[in-house]
Amino acid sequence: MDRVSAFDEPLKKLLGGATAKVMAEHLDLHTVGDLLHHYPRRYEERGRLTALTDLPLDEHVTVVAQVADARVMAFNNGRGKRLEVTLTDGHGRLQLVFFGHGVHKPHKELLPGRRAMFAGKVSVFNRKMQLAHPTYQLLDAESTDEAGATEAVDAFAGKLLPIYPACKQLDSWRIAKAVDAVLPSAQEAVDPLPPALREGRGFTALPEALLKIHRPQTKADVAAARDRLKWDEAFVLQVALARRRYADTQLPAVARRPVPGGLLDAFDAKLPFTLTDGQLKVTQEIFDDLAAEHPMHRLLQGEVGSGKTMVALRAMLTTVDAGGQAAMLAPTEVLAQQHHRSITEMMGELAEGGMLGGSERGTKVVLLTGSMGMAARRQALLDLVTGEAGIVIGTHALIEDKVKFHELGLVVVDEQHRFGVEQRDALRSKAHSQGERRSPHLLVMTATPIPRTVAMTVFGDLETSVLDQLPAGRSPIASHVVPAKDKPHFLSRAWDRVREEVENGHQAYVVCPRIGDDEDEAAKKKGRKDAAQEADKRPPLAVLDIAEQLAKGPLSGLRIEVLHGRMHPDDKDDVMRRFAAGQADVLVATTVIEVGVNVPNATAMVIMDADRFGVSQLHQLRGRVGRGSAPGLCLLVSEAHEASPSRARLSAVASTLDGFELSRIDLEERREGDVLGQAQSGVRSSLRVLSVIDDEEVIAAAREEAVTVVAADPGLEHLPELRLVLDALLDKEREEYLDKG
């Protein structure tokens, strides 16, 4: 059998139709290769008992334990029988329960002192953890009357017992049996690591690593296998990204170099403050990229309020000076309007090119959104196609076919995680220069700090710049958790604090998870699962309800406005303008204010049902206050129980303003599935043993090796094995994702 086809063999051939069907439907395993890469989650030692004290509720678990006690109980006036079995591991106890006809076999087999593997879903009954009708397999030598049990003892005696990620339809030990059937194929594994790299780092050969991870003799076997398999995952992914970056350097683009005495110099001359060292450093990185004749692909990460917009604007002005146009893409209309307003204000008469009173060095800055009136839209489109407008700011309306540019030189994407890669690609395809297709330069901005390893993995096709210095004059933000259920008087005090801020001439935000009208059913369901359980399934608090309660109660007499995503765009803009102008005291809003909204006079924020928001989102929201010279205050109101994970999350947010630290907490909470899964690539994460949280050194080293390999051999002509594995990893969807990145 040739080396590839052994791994491509359908499981149906080796395991039979029924087992293969369950594996495909419930575990997404289809081929021999899939099953060989379905690694054990953990291992039990045959002589040691499992910890029963910290089993996860509502999850399917496999435990190895000893029977402490077993008794049959009658119920329903003697008509029904129930077998209750108590397991022990020396630390904790776990109850098993069997009903009806299912009682007889376990009653004969599960005798005190017997050891077995048990699998089932953990539930709670009478305040005790239990497994109802678990499947089990005896592990004691004396149970030789069971053919399967003898086999289990032979297979596992004195060895580490692999516990596989399983499902209700297929227990861990049945998966182990299936792995035994395909394990001989491990010898056919195609090794992606170049021989020099493998030998240089002293790695186990791949067939041996697969054998050791599934059937280890010792803990050292497991460690060696995991080290090797982590490297494979990190290296193959980094090679894919390095090839993508290399291909980008081969694309043509027009170099956009600063022009002395141009728009940028005029803009800098009228700045009322000096740029931070961080802004200057990052600007230089961007200017170096813009000066190249291949497209820039850069991710600009910056804390909330670190001055990313200023850096992006100076890059746009440089592009205009060099004869190109710049487009800034924002995720929402509110944000596009906000950017347009702040950029035209920063530029002053320089944003009025061709207008009476405008600067002769100026350009036109136009706004383009889906809800604009026809006349304004027609004029904006005309300004773009003639080149009259050097800068355009808009929503994804910019991507529509009818939008034509005179010469698009730079695309700035704000809040990357809200844009699909297809949209980024569509905008990129609009760049033409002197009749040729040239890619525009691309700058992606995000205010959600991303740990270095995630940036190297998720945004690995982009070079990264980090702005971690706040401009002078930005104020600290004090954050506190308000336990509304345990201490209602704390909530009353929160509203008193809002009043005090308003009396001192400032303004406040109150944020709620949902809008509160009949159309909002979908949003109700989006509350976090643990929060919903803690709040006894009450729906999340709503903007319209809270605004009404505050106006009649604790904040009566103050000027209260509401803002949410379902309002007409003109009404939204109107509310934002009034609030920015100080004509409203309190803005009760949904998360539409999460990014980009800039009202320096707003000093207080109260986030209702704060436990229903993610860590990064809370950090983003909090960044809306403390933007002026007065200190900011953020109050996180929660009804979650003090000992709950939700409250721990809120305490973490309250304890630090470091976005990178919080992004790490966020990542640990969500694990890799979310980070590398649907949100970014549109396909299931391909990482099985590599952790973007814990394996920073592996990822960084793999990236370096990948860059060296690709620089020496971009087509991987001399590394056919690596090319084969890469092709297998990059199925159609993932290939497209990396292509468009």
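What counts and how
- Going along each chain's sequence as written, the residues are numbered from 1 onward.
- Since the coordinates come from a predicted model, pLDDT governs what is reported: local features require at least 70, and pairs of side-chain atoms require 80 or more to be given and counted, while whole-chain, interface and lining totals use all residues.
- To get the side-chain values, all heavy atoms of the structure are used, and hydrogens and water are removed first.
- Secondary structure follows DSSP: runs of H or I at least 4 residues long count as helices, runs of E at least 2 residues long count as strands, and numbering of each begins at the N terminus.
- Type-normalised accessible area, obtained with a 1.4 Å probe on protein chains alone, sets the label of each residue: buried when under 20%, exposed when over 50%, and partly exposed for intermediate values.
- Note on contacts: a residue pair is in contact if any heavy atoms of the two residues lie within 4.5 Å.
- Here the accessible surface of atoms and residues is derived via Shrake-Rupley with a 1.4 Å probe, and residues count as covered only by protein chains that are part of the display.
- For helices, the axis comes from a line fit to the C-alpha atoms of the stretch in contact; other axes are also lines fit to C-alpha atoms, and the angle between any two N-to-C directions lies between 0 and 180 degrees.
- For classification purposes, an angle smaller than 35 degrees is called roughly parallel, one larger than 145 roughly antiparallel, one from 65 to 115 roughly perpendicular, and anything else oblique.
- When the near helix sits turned anticlockwise from the far one by under a right angle, the crossing is termed left-handed; a clockwise turn instead gives a right-handed crossing.
- Lys, Arg, Asp and Glu make up the charged group, whereas Ala, Val, Leu, Ile, Met, Phe, Trp, Tyr, Cys and Pro make up the nonpolar group; the residues left over, Gly among them, are polar.
- By this definition, two strands are paired if DSSP reports at least two bridges between them.
- Each helix should span, by expectation, one fewer than its residue count multiplied by 1.5 Å.
- The directions from the helix axis to the C-beta atoms form the arc being described.
- Each Phe, Tyr or Trp ring, with Trp reduced to its six-membered ring, pairs with another whose centre is within 6.5 Å; inter-plane angles below 30 degrees give stacked pairs, above 60 give edge-to-face pairs, and intermediate values give tilted ones.
- Note on scores: pLDDT gives the predictor's confidence for each residue, bounded by 0 and 100.

With that settled, consider the overall build of the protein chain. Looking only at helices and strands, the protein chain has 29 helices and 23 strands in total. For the protein chain, buried positions account for 55% of its 741 residues. Pairs at least 24 residues apart make up 74% of the contacts formed inside the protein chain by residues separated by at least 6 positions. Within the structure as shown, the protein chain displays about 32,300 Å² of accessible surface, and the carbon and sulfur contribution to it stands at 51%.

Our focus in this paragraph is the packing of helix α13 (residues 308–321) against helix α14 (residues 333–347). The geometry of α13 relative to α14 is characterised by a closest axis approach of 12 Å and an angle of 70 degrees between their N-to-C directions. If you check the angle between α13 and α14, you find them roughly perpendicular. When the axes of α13 and α14 are compared, the crossing they make is right-handed. Contacts between α13 and α14 pair T309, M310, L313, M316 and L317 from the former with H339, I343, M346 and M347 from the latter. Class assignment of the residues belonging to the contact of α13 with α14 gives a composition of seven nonpolar, two polar and no charged.

Let us now look at the sheet that holds strand β13 (residues 408–414). Strand order in the open sheet formed by seven strands is β11-β12-β10-β13-β16-β9-β17, and the pairing between neighbours is parallel. Since the sheet does not close on itself, it has two edges, and those belong to β11 (364–368) and β17 (463–467), each with one partner. Across the sheet, the axes of successive neighbouring strands diverge by a mean angle of 20 degrees, strand direction being ignored. As paired strands, β13 and strand β16 (residues 441–446) are joined by five bridges and run parallel to one another. Residue pairing for β16: V412 is matched across the bridge by L443. Packed on one face of the sheet, α13 meets β9 (297–302), β10 (325–329), β12 (389–394), β13, β16 and β17 and runs near 170 degrees to β13.

With that settled, the discussion passes to the sheet that holds strand β21 (residues 586–589). Taking strand neighbours across the sheet as the criterion, the six strands line up as β18-β23-β22-β19-β21-β20 in an open arrangement whose pairing is parallel. Whereas interior strands pair on both sides, the edge strands pair on one side only; in this sheet they are β18 (477–483) and β20 (560–563). Along the sheet, successive strands turn relative to each other by an average axial angle of 20 degrees, direction set aside. As defined by bridge partners, strand β19 (residues 507–511) adjoins strand β22 (residues 602–607) across five bridges and the pair is classed as parallel. Bridge assignment links A508 to a residue of β22, and that residue is A604. Along the sheet, helix α23 (residues 615–622) contacts β18, β19, β22 and β23 (632–638); its crossing angle with β22, the most-contacted strand, is approximately 150 degrees.

Once that is clear, we can look at helix α22 (residues 569–580). With 12 residues, α22 extends 16 Å between its outermost C-alpha atoms, agreeing within 8% with the 16 Å of an ideal straight helix rising 1.5 Å per residue. Listed as buried for α22 are P569, K572, D573, V575, M576 and F579. Seen from one end, α22 has its buried residues packed into an arc of 160 degrees, which puts them on one side. Residues of α22 that are buried sit in contact with α14, β19, β20, β21 and β22.

Turning our attention to the packing of aromatic side chains. A full pass over the atoms with the stated rule returns six aromatic pairs. Judged by centre distance (5.6 Å) and plane angle (50 degrees), the rings of F203 and W231 are tilted. With F203 in the loop between α8 (195–200) and α9 (206–214) and W231 in helix α10 (residues 219–249), this pair connects stretches of sequence that are 28 residues apart. Considered together, F203 and W231 belong to a single accessibility category, that of buried residues.

A few words on the confidence of the model for the protein chain. Across the protein chain, the average pLDDT comes to 81, with 82% of residues at 70 or higher. Per-element confidence in the protein chain ranges from a low mean pLDDT of 35 for helix α26 (residues 678–681) to a high of 95 for β19. Considering only residues more than four positions removed or in separate chains, one finds that residues 519–536, a stretch of pLDDT under 50, has 30 contacts.

With respect to the element layout, W495 can be found in helix α18 (residues 488–503). Here the alpha-carbon distance between W495 and L555, two residues 60 residues apart in the chain, equals 7.0 Å. If sequence neighbours within four positions are ignored, W495 has contacts with V510, L550, P554, L555, V606 and M608.

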